[in-house]
Amino acid sequence: MIHEALILEYSGRHLALIEWASALKLFAYSCMGLALFFPWGIAEAEAPLALIFAIPALVFKLAIGGFLLALIETLSAKMRIFRVPEFLASAFLLAVIGMLVHFLLGA
Amino acid sequence: MNALISQLINLFASVILILAFAMLSQRRIINLIHLYTWQGLAVVGSTTVVAYVTHQHHLFYSAGLTFLLKVILIPYFLHRLIRRLNVRWDIETLFNIPTLMIIGIILVVFAFNVALPIAKFSDTVAHGTLGIALACILLSFLMMITRAKAVPQVIGFRTMENALFLAATSATYGMPMVVELGIALDVLVGILILGVFMFQIREQFDSLDIRHLEKLKED
């Protein structure tokens, strides 16, 4: 949560639409992250039976992710919008360090 | 097995590097001490893994010594110090953290490039981490340069010692036991003396800002 006050002027079905959109966004991003970093139990192509196990695995991973998200949001109240450059710099830093360490150690 | 071990060593080294960056951009003194403790723990883990895989007994001792000193004793001293100095929740105004991080990235690139040819001569299991150790040394230099208060500078100094220890472990499986015992004693005495110095500085200037030390006389 960086700036939650943007939706203060909405209510009713418009608020529901916005919340729904943000829920969809969160779902899509967390599924992408889970597929990238915790790729266990994902059904492969042309194996429809594996979907039976893939769906509970995804639900389980999403539940753990939701728990962690709730924990983080409880521990840190609100990210300040003036600190956004710092967060972006940190993200950039992590990406660059990951690439550099990969070249140094992975080669 | 061997690939897993070397990956574990690389993981510890990367954690130390990330923690060095976290310390570079940390404002609160108490979080700085927590990060220092975690870094010490990562150094202990890396040393223990190297000792286990190379069957070097003295590295086990030095890992134990590091644990005792850098994870228990020194953080305890620092916690007591900042409680007595009453700077526990102090926030330091750093100039422009994104710029600091970019400078840090440049330093890391430089360190990796410098260390690459040196690391090729070494045939230890952890020779890849020499670049990371060098980068951590430069980052702690940067941290000491950019901090204005005394306690974060001391923590930056201690971070540099952590990184030097990692460099020694990765390049030559650590220093001889006598040297390590001497360094441990030095570290302990040094942190005590620096603590005394901080009280003196505060008594003299009513603040821990070391920029006051640049003035030769009252103007």
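Residues numbered from 1 in each chain as written. Chains lettered and ligands numbered in written order. Predicted model: local features only at pLDDT ≥ 70, side-chain atom pairs only at ≥ 80, totals over all residues. Heavy atoms only, no water.

With an unreviewed UniProt entry as reference, chain B is termed Formate hydrogenlyase, source organism Candidatus Dechloromonas phosphorivorans. UniProt, in the comment section headed Subcellular location (unreviewed entry), describes chain B in these words: "Cell membrane". (UniProt positions renumbered as here; feature names shortened; annotations may be inferred.)

Across soluble globular proteins, nonpolar side chains have a tendency to be buried as a group. Formed by 61 residues in total, the largest nonpolar core has its most connected members in B:L17, B:V108, B:F112, B:I132 and B:I155. Ignoring any residue separated from it by four or fewer positions in sequence, one finds B:F112 in contact with A:L100, A:V101, A:L104, B:L17, B:G131, B:I132 and B:A135. With seven residues, the next largest nonpolar core counts B:I9, B:V50, B:L59 and B:Y173 among its residues. (Core = buried A, V, L, I, M, F, W, Y, C linked by side-chain atoms within 4.5 Å. Buried < 20%, exposed > 50% of the residue type's maximum accessible area, 1.4 Å probe, protein only. Contact = heavy atoms within 4.5 Å.)

Glancing now at the packing of helix α3 (residues 57-85) of chain B against helix α6 (residues 150-172) of chain B. A packed helix pair is summarised by two numbers, namely the angle formed by the two axes and the spacing between the axes. All names here are of chain B. It is the contact of α3 with α6, at a shortest axis distance of 12 Å, that shows an interaxial angle of 175°. On the basis of their axis angle, the class for α3 and α6 is roughly antiparallel. Where α3 approaches α6, its residues L59, S62, T66, K70, I74, L78, I82 and L85 are matched on the opposing element by V151, I155, R158, E161, N162, F165 and T169. Looking at the contact of α3 with α6 residue by residue, the class counts come to eight nonpolar, four polar and three charged. (Axes fitted to C-alpha atoms, helices over the stretch in contact; angles between N-to-C directions. Helix = DSSP H or I, 4+ residues; strand = E, 2+ residues; numbered from the N terminus. Parallel < 35°, antiparallel > 145°, perpendicular 65-115°, else oblique. Nonpolar A, V, L, I, M, F, W, Y, C, P; charged D, E, K, R; others polar.)

Okay, the packing of aromatic side chains next. Scanning all chains against the criterion turns up two aromatic pairs over all chains. Ring geometry for A:F38 versus A:W40: centroids 5.8 Å apart, planes at 50°, classification tilted. A:F38 sits in the partly exposed class, given a relative accessible area of 42%. On the basis of relative accessibility, which here comes to 58%, the residue A:W40 falls in the exposed class. Just above the ring of B:F165 sits the side chain of B:K70; from NZ or CZ to the centre is 4.5 Å. (Phe/Tyr/Trp six-rings, centres within 6.5 Å; stacked < 30°, edge-to-face > 60°. Lys NZ or Arg CZ within 6 Å of the ring centre and 35° of its normal.)

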